Amino acid sequence: MGRTWGDCMTEKSIWHIVKDCAKGIGMPKLAPHDLRRTCARLCHAAGGELEQIQFLLGHVSVQTTERYLGCKQRIRSAVNDRIGIEPNR
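Residues numbered from 1 in each chain as written. Predicted model: local features only at pLDDT ≥ 70, side-chain atom pairs only at ≥ 80, totals over all residues. Heavy atoms only, no water.

S.K.: Looking at this model, I keep getting lost on the environment of Ser13. Mind explaining?
M.R.: Mapped onto the secondary structure, Ser13 falls in helix H1 (residues 11–24). On the basis of relative accessible area, Ser13 is assigned to the partly exposed category, the value being 24%. A distance of 2.7 Å separates the side chain of Ser13 from the backbone oxygen of Thr10, its partner in a polar contact. (Helix = DSSP H or I, 4+ residues; strand = E, 2+ residues; numbered from the N terminus. Buried < 20%, exposed > 50% of the residue type's maximum accessible area, 1.4 Å probe, protein only. Polar contact = N/O pair within 3.5 Å; in protein donor to acceptor, adjacent residues only side chain to side chain.)

Structure (structure tokens):
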């Protein structure tokens, strides 16, 4: 409604703010959940730990966070291959 009322923001008020701003930049279909997903993916791309992103999103299961981010296990370049504990031959 364009004015402050009370001392907190509801989900509905966030929805209206995002929709109004999105319309102003020519993205009328943008929703708050899109911003949540984008934030999570930017954190992941910046090297954020999966467990920290899980905490940020409030997911109970790390598998939910992996699905949310679209993570796929990379067998050919697994992260544990770079920790340097291979035995000398």
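S.K.: I keep staring at the side chain of Thr65 and nothing clicks. Help me out?
M.R.: By the secondary structure assignment, Thr65 is in helix H4 (residues 62–69). When its relative accessible area of 0% is taken as the criterion, Thr65 is described as buried. If near-sequence neighbours (up to four positions away) are discounted, Thr65 is found in contact with Leu50, Ile53, Gln54, Leu57 and His59. (Contact = heavy atoms within 4.5 Å.)

S.K.: What should I look at first to understand H1 in this one?
M.R.: Residues spaced three or four apart along an α-helix point in a common direction, a consequence of the helix completing one turn every 3.6 residues. Taking 1.5 Å of rise per residue, the 14 residues of H1 would be expected to cover 20 Å, and the 20 Å separating its terminal C-alpha atoms lies within 8% of that figure. Just past H1, the residue Gly26 takes up positive phi, approximately 80°. (Expected span 1.5 Å × (residues − 1).)

S.K.: Could you clarify how one ought to interpret helix H2 (residues 32–45) in this entry?
M.R.: For H2, which comprises 14 residues, the first-to-last C-alpha distance of 20 Å matches the rise-based estimate of 20 Å (1.5 Å per residue) to within 8%. Gly47 sits one or two residues past H2 and shows a positive phi near 95°.

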